[in-house]
Amino acid sequence: MLDELDFLEEYQEDNRIEAKRAQGGLPHSLWETYSAFANTLGGVILLGVAEGADKSLYSVPLFDPQELVDEFWDMVNDPTVVNANILQPEDVQIFRSGKNDIVAIFVPRAEQKYRPVYIGGDPYAGTYYRRGEGDWRCPRHEVEAMLQDQKG
């Protein structure tokens, strides 16, 4: 689905938007952001988007956006990569921005029964949360609290 996204330059990275160039494929840091958004307030990961010196966002050419989407779906469904896929098919879309395609991954806040959403096999090492423009590893006590809340 290709819709126009002409207003990209009006946005900046913050606690709900993360831009990744992804010109060499899916960046490993994508999974930290996926975990962080899922464990915090949700957000959108934009692949094929870079941040300018003035903090504005702009699109960059992607080699094969559909290949990135397919690879993403394969990986998000792999429990060795991430413990929970909380996405629906419509949460991953290809948009047009200027003359480039970008991939938008809309990550909702995970339901309590799925938190913590973590990467790798260890919730204590792979659980992240979002603060400002950054993804931060959750302290052990917060992971334990999420695990306790899961049992609810």
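This text follows the structure it describes.
Residues numbered from 1 in each chain as written. Predicted model: local features only at pLDDT ≥ 70, side-chain atom pairs only at ≥ 80, totals over all residues. Heavy atoms only, no water.

Colleague: Tell me what's going on with the packing of helix 1 (residues 29–39) against helix 2 (residues 65–76), and back it up with residues and numbers.
Modeller: Packing of helix 1 against helix 2 leaves a shortest axis separation of 13 Å and a crossing angle of 60 degrees. Taken together, the axis directions place helix 1 and helix 2 in an arrangement best described as oblique. The handedness of the crossing between helix 1 and helix 2 comes out as right-handed. Residues L30, W31 and Y34 of helix 1 lie in contact with helix 2, whose contacting residues are F72, M75 and V76. By residue class, the composition of the contact of helix 1 with helix 2 is six nonpolar, no polar and no charged. (Axes fitted to C-alpha atoms, helices over the stretch in contact; angles between N-to-C directions. Helix = DSSP H or I, 4+ residues; strand = E, 2+ residues; numbered from the N terminus. Parallel < 35°, antiparallel > 145°, perpendicular 65-115°, else oblique. Left-handed = near helix turned anticlockwise from the far one by under 90°. Contact = heavy atoms within 4.5 Å. Nonpolar A, V, L, I, M, F, W, Y, C, P; charged D, E, K, R; others polar.)

Colleague: Any details on the pattern of salt bridges? Residues and values, ideally.
Modeller: Applying the stated rule across the entire model yields seven salt bridges. Of the charged contacts, one joins K20 and E18 as a salt bridge, the two residues approaching to 3.3 Å between their closest N and O atoms. Residue K20 is classed as buried on the basis of its relative accessible area, which comes to 9%. Between R130 and E18 there is a salt bridge whose closest N-O contact spans 2.8 Å. Taken as a pair, R130 in strand 8 (residues 128–131) and E18 in strand 2 (residues 17–20) lie far apart in primary sequence, 112 residues in all. Both residues of the pair, R130 and E18, count as buried. Each member of the salt-bridge network shares a partner with another, and the members are E18, K20, R130 and D135. (Salt bridge = Lys/Arg side-chain N within 4 Å of Asp/Glu carboxyl O. Buried < 20%, exposed > 50% of the residue type's maximum accessible area, 1.4 Å probe, protein only.)

Colleague: Just give me the short version of the packing of aromatic side chains, but keep the residues and values in it.
Modeller: Taken as a whole, this structure holds five aromatic pairs when the rule is applied. Judged by centre distance (5.2 Å) and plane angle (0 degrees), the ring pair of W31 and F72 falls under stacked. Note that W31 is positioned in helix 1 and F72 in helix 2, a separation of 41 residues in sequence. For W31, a relative accessible area of 3% corresponds to the buried category. Residue F72 is classed as buried on the basis of its relative accessible area, which comes to 1%. Centre to centre, the rings of F95 and F106 are 6.4 Å apart; their planes meet at 80 degrees, and the pair counts as edge-to-face. One end of the pair, F95, is in strand 6 (residues 92–97); the other, F106, is in strand 7 (residues 100–107), with 11 residues separating them in the sequence. (Phe/Tyr/Trp six-rings, centres within 6.5 Å; stacked < 30°, edge-to-face > 60°.)

Colleague: Talk me through helix 1; I want residue IDs and the actual numbers.
Modeller: Burial analysis of helix 1 places nine of its 11 residues in the buried class, the great majority of the element. Turning to helix 1, its buried residues are L30, W31, T33, Y34, S35, A36, F37, A38 and N39.

Colleague: Lay out the environment of G132 with the relevant residues and their values.
Modeller: Summarising the element assignment, G132 is placed in the loop between strand 8 and strand 9 (134–137). Sequence separation between G132 and I17 is 115 residues; the distance between their C-alpha atoms is 9.6 Å.

Colleague: Would you mind going over the nonpolar core in detail, with residue names and values included?
Modeller: Of all hydrophobic cores here, the largest spans 29 residues; its most connected members are W31, Y34, F72, I86 and I105. Contributions of two or more residues to this core are made by helix 1, strand 3 (43–47), helix 2, strand 6 and strand 7. Beyond its immediate stretch of four places on either side in the chain, I86 contacts Y34, A38, D91, V107, P108, A110, Y114 and V117. (Core = buried A, V, L, I, M, F, W, Y, C linked by side-chain atoms within 4.5 Å.)

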